[in-house]
Amino acid sequence: MKNYKILLFIILLFSVFSIVQLFSASDKKADEILKKADENLMPSSFETYRKLINEEPDGSKKEYIFYSIKKDRDKVAMLYISPASEKGRSALRLGDNMWLYIPNVGRPIRITSLQSSVGGIFSNSDIMRLDYSEEYNASILEQNDEEYVLDLKAKTSYVAYDKLKMWIKKKSIIVTKVECYAASGTLIKTLEFKEVKDFGNGIVRPAVIETTSPLYKGYRSIMIFSGIELREFPDEVFTLDFMPRLCELR
Amino acid sequence: MRCYILLVLFVFFVPVSAQEYEFEIPEEEESRIEFNGNLDVKWAILNTRESSPFYEIQFYQTTDNSSYLSRYRLDHYFNAEYRRKKVDFVMKTFSQYKKDEPISLSFHELYGSLNLSPKLTFGIGKKRFIWGKGYAFNPAGYVNTEKDPENPELALSGKSSTFFMFNKSINSNFLKNFSFSSIILPPEAIINEKFAPLEDTEIALKTYFLIKNTDIDFMFFYGKNQLRRYGFDFSTNLKENFEIHGEWSYAQNEGKFIIQKNLPWLQKIDGSSFIFGIRYLNRFNMTVIAEYYHNNRGLSKEEFNDYYDYIETTIKSNSFNIISQVKQDVSRRFISKTLMKDYLYIIVRQPEPFGWLYSSFSIFTIYNLSDNSFILSPRFGYEPFTNFEFLLWPALTLGESNSEYGSRQFQKKVEFWMRFYF
């Protein structure tokens, strides 16, 4: 009887261990898919021009053009090129840290990832996005022949959205849709990745990201990428001192 | 027929959709000159406080006195920058038009810099530096032109200097960036308006560290008359929507004017000034910035009372010469925007309140904790078109008659701004 109990305990232990292994293997696979999706969205070091359009419920639009650079997984900087009222502003992101430089203010000030420096639905973290795998742990929520649906949980409390639900094409490992949720489970916004385009140098990715939010009914924000070029930068261009000098890189 | 309809739909809709996602990238040349700026048209209506001695000294023997005054002016900012390879030349001008008479043009900035690499910059000329992390106050801003806390984002003039900056990023999880700035400030020409004593040259040094997720600066300043200042500041995000910041400065041999025996008197003092502040964003996209400021050079309640009595006594003398002299003294010696010791600053900002497109609303108060007087000022902004905005900006100053804000020359004002960017 005693031997029987020991055997039962060993079987139970082995089953629990196997289930844990199975889940961690699944998480590992999800993290790998996420990393690949990140690589397909953004090369490790590049420069690009982006246009951001904020559409209001009355149909009117506000447009901005940015010059943006990125290096590694956690360094992003961008320069406002137009309109004239915003020209010369620059923004910097180093991991969880974000700053905005306004020429009239004369020094960089810390900003938060949830804020929006340009109005509309895109937050600062959307505009200056790091690799998703830098900020989130992934697990596979569901999958079919066409796509994976990943469940992404924020690694730290500094991340703008606590949870993401991400749709990825199985064949190309390209992100097609992301839903952003608050800790309460409320849907904050939906990002749709459209117009897959060959930018050259092996970069094939959606050229347009469109976002809508149930919190801003009737509003729509669109980000359009143009001319993504691979380029190496010294680390010092991603510093507070260099923010007023970002225009030198163009 | 079906194919024809599809073809028509394709011809009409596909090009429109493709066009929506295309834009032209502004071209960049190797060397270039660039201009920009803005014109601010400002019209103000001011309700005077005729019972205040500060009003009386300002408007002494003015015949057209009225309880309500109007002020109209045009502020013109014109900036030019020439850049070629590593050389950068910057000119920022400011001119103000009040009436048809020759306009004086002033340079807010006029400097050349040699940007040897992203790590190294050397420059000379008149440049604006902003040290410190405070939004409304910067006790450790040793090279700053003093901000007006009532409008901290106003473009201000720089200082003549020679500067050198070194910047280094570090691949580490602890110290991520380090920079060093050294600024030499030549003295103002006081001898025949051309020369200055060499020993009045001032030096300012700053080191910056990004340690984990915290910005930290250490500053040092050596000024004329053996003035020494040591300071530090910090800023960090505690959460994704909550930031804290602070500045501390210790000064030796700092000059402070007080009134003693009914005369302005320069005291030399040692001591600390500091601020502590927060910036918070709530889920309604409302931002709150709050700062507490202790100003060691500021006047205590008793010292402010002496100053108030001094102005009142001057007015009572009814002597044109004495009043003119005191008016001149006051404008040089009691000019600070933060005249007293302890202040609380709070601003609340809400973009597009009640869903009103292109509008913004903010309200701020500067509360003088030493005498319980304060200024309260809401501000409405509206940007119906790109590069054009309206601002409506009322302000109220409240407090006892012998308090700082309660004795301001103007008890109420409404400013209306139109701003054009180019």
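Residues numbered from 1 in each chain as written. Chains lettered and ligands numbered in written order. Predicted model: local features only at pLDDT ≥ 70, side-chain atom pairs only at ≥ 80, totals over all residues. Heavy atoms only, no water.

A. The nonpolar core, seen in detail. Formed by 78 residues in total, the largest nonpolar core has its most connected members in Ile69, Ile127, Tyr132, Leu150, Leu152, Met166 and Val178 of chain A. Element by element, the count of residues in this core is highest for strand E3 (residues 75-82) of chain A, at six residues. When residues no more than four places from it in sequence are discounted, the contact partners of tyrosine 132 of chain A are Leu34, Asp38, Leu41, Leu152, Leu164, Met166, Val178, Leu191 and Phe193 of chain A. Formed by 35 residues, the second largest nonpolar core is a distinct cluster that contains Tyr135, Tyr308, Val326 and Trp393 of chain B. (Core = buried A, V, L, I, M, F, W, Y, C linked by side-chain atoms within 4.5 Å. Buried < 20%, exposed > 50% of the residue type's maximum accessible area, 1.4 Å probe, protein only. Helix = DSSP H or I, 4+ residues; strand = E, 2+ residues; numbered from the N terminus. Contact = heavy atoms within 4.5 Å.)

B. Spatial organisation of the packing of helix H3 (residues 301-317) of chain B against helix H4 (residues 320-333) of chain B. Residues and elements named next belong to chain B. Where H3 meets H4, the closest approach of the two axes is 9 Å, and the angle between their N-to-C directions is 155°. Comparing their axes, H4 and H3 come out roughly antiparallel. For the pair H3 and H4, contact is made by Tyr307, Tyr310, Ile311, Thr314, Ile315 and Ser317 and by Ile322, Ile323, Val326, Asp329 and Val330, respectively. Here the contact of H3 with H4 is built from residues that sort into eight nonpolar, two polar and one charged. (Axes fitted to C-alpha atoms, helices over the stretch in contact; angles between N-to-C directions. Parallel < 35°, antiparallel > 145°, perpendicular 65-115°, else oblique. Nonpolar A, V, L, I, M, F, W, Y, C, P; charged D, E, K, R; others polar.)

C. Quick peek at the packing of aromatic side chains. Residues and elements named next belong to chain B. Enumeration according to the criterion identifies 41 aromatic pairs over all chains in this entry. With centroids separated by 6.4 Å and ring planes inclined at 45°, the aromatic side chains of phenylalanine 385 and phenylalanine 388 adopt a geometry described as tilted. We classify phenylalanine 385 as exposed; its relative accessible area is 56%. Through a chain of ring-to-ring contacts, the aromatic side chains of Phe54, Phe257, Phe304, Tyr307, Tyr308 and Phe334 assemble into a single cluster. (Phe/Tyr/Trp six-rings, centres within 6.5 Å; stacked < 30°, edge-to-face > 60°.)

D. Quick look at the side chain of glutamate 415 of chain B. All names here are of chain B. Along the chain, glutamate 415 falls in strand E18 (residues 410-421). Within the local environment of glutamate 415, its side chain forms a polar contact with the side chain of lysine 413, the two groups lying 3.3 Å apart. Apart from residues no more than four positions distant in its own chain, glutamate 415 is found in contact with Trp43, Ala44, Arg71, Leu391, Leu392 and Trp393. (Polar contact = N/O pair within 3.5 Å; in protein donor to acceptor, adjacent residues only side chain to side chain.)

E. Seen up close, the pattern of salt bridges. A complete count under the given rule lists 40 salt bridges over all chains for this structure. A salt bridge links aspartate 215 of chain B to arginine 110 of chain A, with the nearest nitrogen and oxygen atoms 2.7 Å apart. Residue aspartate 215 of chain B is found in strand E9 (residues 214-223), and its partner arginine 110 of chain A is found in strand E6 (residues 108-110); the two belong to separate chains. Summarising the burial analysis for this pair, aspartate 215 of chain B and arginine 110 of chain A share the class buried. Here aspartate 126 of chain A makes a salt bridge to lysine 189 of chain A, at a shortest N to O gap of 2.6 Å. One end of the pair, aspartate 126 of chain A, is in helix H2 (residues 124-127); the other, lysine 189 of chain A, is in strand E11 (residues 187-198), with 63 residues separating them in the sequence. Overall, lysine 189 of chain A belongs to the buried group, its relative accessible area being 3%. A cluster of three or more residues bridged by salt bridges with shared partners is formed by Glu55, Lys61, Lys194, Glu210 and Arg220 of chain A. (Salt bridge = Lys/Arg side-chain N within 4 Å of Asp/Glu carboxyl O.)

F. Local environment of a nonpolar patch on the surface. All names here are of chain B. On the surface, Trp43, Ile45, Tyr68, Tyr72, Phe380, Leu392, Val414 and Phe416 cluster together into a nonpolar patch covering about 750 Å² of accessible area. Secondary-structure elements contributing two or more residues to the nonpolar patch are strand E1 (31-48), strand E2 (68-84) and E18. Locating tryptophan 43 in the fold gives a position in strand E1. Given a relative accessible area of 42%, tryptophan 43 falls into the partly exposed group. (Patch = residues over 30% accessible without salt bridge, like charges linked within 9 Å, V, L, I, M, F, W, Y side chains within 5 Å. Areas by Shrake-Rupley, 256 points an atom, 1.4 Å probe, with all protein chains shown as cover.)

G. How the structure looks around the pairing of E11 of chain A. Residues and elements named next belong to chain A. Bridging between strand E10 (residues 175-181) and E11 involves five bridges; their strand directions are antiparallel. Residue pairing across strands places valine 178 opposite leucine 191, the latter belonging to E11. Bridge analysis of E11 against strand E12 (residues 204-213) gives eight bridges, and the strand direction is antiparallel. Bridging from a neighbouring strand, leucine 191 pairs with threonine 211 of E12. Hairpin connection from E11 to E12: five residues lie between these consecutive antiparallel strands, with glycine 200 at a positive phi of about 85°. (Pairing = 2+ DSSP bridges.)

H. Spotlight on the environment of glycine 158 of chain B. Residues and elements named next belong to chain B. With respect to the helices and strands, glycine 158 occurs in the loop between strand E5 (120-127) and strand E6 (159-169). For the pair formed by glycine 158 and glutamate 109, sequence separation is 49 residues and the distance between their alpha carbons is 5.6 Å. Once residues lying within four places of it in the same chain are set aside, the contact partners of glycine 158 are His108, Lys126, Lys127, Arg128 and Thr145.

I. Inspection of the interface of chain B and chain A at higher detail. At the junction of the two partners, chain B supplies 64 residues and chain A supplies 59 residues. Carbon and sulfur atoms supply 52% of the area that chain B and chain A bury against each other, a total of about 5,000 Å² over both sides. Taken as a group, Tyr21, Phe23 and Glu240 of chain B account for 16% of the area that chain B buries against chain A, more than any other trio of residues on that side. Between chain B and chain A we count 23 residue pairs in polar contact (both at pLDDT 80 or more) in total. Residues that form the side of chain B that touches chain A fall into these classes: 20 nonpolar, 22 polar and 22 charged. (Buried area = accessible area lost by both parts, 1.4 Å probe.)

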